[in-house]
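# Close look at the chain arrangement
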Amino acid sequence: MYDLIVTMLEQSSYLQQVPQTDYDRAVDLAYEANNAFDMRQDAARGLAELLSSSRTEGDEAEEMAKLQSAQQRFKGYQLAASVLMPSQAAFEMTAEPAKPFAHESIWEAMSREQRTKASELRTTLAASELKEYGVTEDSLRVVMTKKDGKRTFTLLHTGNGVDIGDPQKNYDRARGYDAVMSRKNDDLFRVTVNGTTYDARQGMTDAVYTAKIEDARMRRVNLPDSKQLSQETDDDWTSTMLTGEGLTADGCVPVRRVEGNDVSHQLHHAEHVLRSIRVCPAVEIG
């Protein structure tokens, strides 16, 4: 990452406007900001793991202090680099995750700002209440859709969706559309990053579901909501509600699953509560 930051600085059109001493300092700041960013990510993961295990208030406070300290250091280096290097390349590059979590062609199509936003959302979602339902950083990827020629990127949960009902019950009202979309589930699906609140129910649209299936095909894994994946995971043959589409005029929710190698379009009553009905957390990045 450090070599990449230096390369970007050397290629910057602003370089001739920046004194050499300030340029050197900006490179140093970029290196330190990169370390601080990694520390922030590690601290967030540590806090997430702690919250999912037996813990004491002292342990939690210590991990929170580490996260806050790393965040402050990153912001400080970021601000200093922006003053010394007007192009801001020094600190913009540090915010990018080291390992892509999207298909190569999609990752290349994203701006640095979008990659950074996706990374922050990924960390936050994985540390949210959704972790109790199997949502992890490794399960979150970015897909791309197009509408009227405009590209839109969405961070979503891969594989089968999550069951927010009681897994021991074949029927549970908690799985119904009205229950999923109710205010009591706002804390489960809503996360706040940099002062903006995102609802992970709103991103799962028809186009995004199709993109999710295409992403699985490109990775050559069993398709979500397919019979093959159900056999691999020893799970039900699942279906996913399109919570980002809303109900039809007659009160039904659009549902998708995979039959054979194709996406099957279905409509379920809003109170469909079988164990096989799932919700797929998805957040539009832009």
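First, a word on scope: everything that follows refers to the structure included in this document. Only a predicted model underlies this, so the values are computations on that prediction, with no experimental measurement involved.

Right, let's talk about the overall build of the protein for a bit. From N to C terminus, the protein includes 10 helices and nine strands. Relative to its full complement of 286 residues, the protein shows a buried share of 49%. Considering only contacts in the protein between residues 6 or more positions apart, those separated by 24 or more positions represent 62%. Carbon and sulfur atoms form 45% of the exposed surface of the protein, whose accessible area is close to 14700 Å².

Attention now goes to the packing of aromatic side chains. Per the stated rule, a full pass over the model turns up one aromatic pair. Above the plane of the ring of phenylalanine 101 lies arginine 122, whose end atom (NZ or CZ) is 4.2 Å from the centre.

Now for the pairing of strand β7 (residues 262–269). Of the strand pairs in this sheet, strand β6 (residues 252–259) and β7 are connected by eight bridges, and their pairing is antiparallel. Within the sheet, the bridge partner assigned to glutamate 259 lies in β7 and is aspartate 262. As consecutive antiparallel partners, β6 and β7 are separated by two residues, and within that stretch glycine 260 has a phi angle of approximately 70°, a positive value.

About the criteria used
- Along each chain, numbering runs from 1 in the same order as the chain's sequence is written.
- Local features are withheld for residues below a pLDDT of 70 in this predicted model, meaning they are given only at 70 or higher, and side-chain atom pairs are given and counted only at 80 or more; totals for whole chains, interfaces and linings count all residues.
- Hydrogens are left out, water is left out, and the side-chain values use all remaining heavy atoms of the structure.
- The helix and strand labels rest on DSSP assignments: H or I over at least four residues marks a helix, E over at least two residues marks a strand, and numbering proceeds from the N terminus.
- A 1.4 Å probe rolled over the protein chains alone gives each residue an accessible area, and that area as a share of the maximum for its type sets the label: buried under 20%, exposed over 50%, partly exposed in between.
- By the convention used here, residues are in contact when the closest approach between their heavy atoms is within 4.5 Å.
- Accessible areas in this description were obtained via Shrake-Rupley with a 1.4 Å probe; residue shielding takes into account the shown protein chains only.
- Classification of ring pairs rests on two measures: the distance between centres of Phe, Tyr or Trp rings, Trp counted by its six-membered ring, which must be within 6.5 Å, and the angle between planes, read as stacked under 30 degrees, edge-to-face over 60 and tilted in between.
- Counting as a charge over the ring demands two things of the Lys NZ or Arg CZ atom: a distance within 6 Å of the ring centre and an angle within 35 degrees of the ring normal.
- Pairing between two strands is assigned when DSSP locates at least 2 bridges connecting them.

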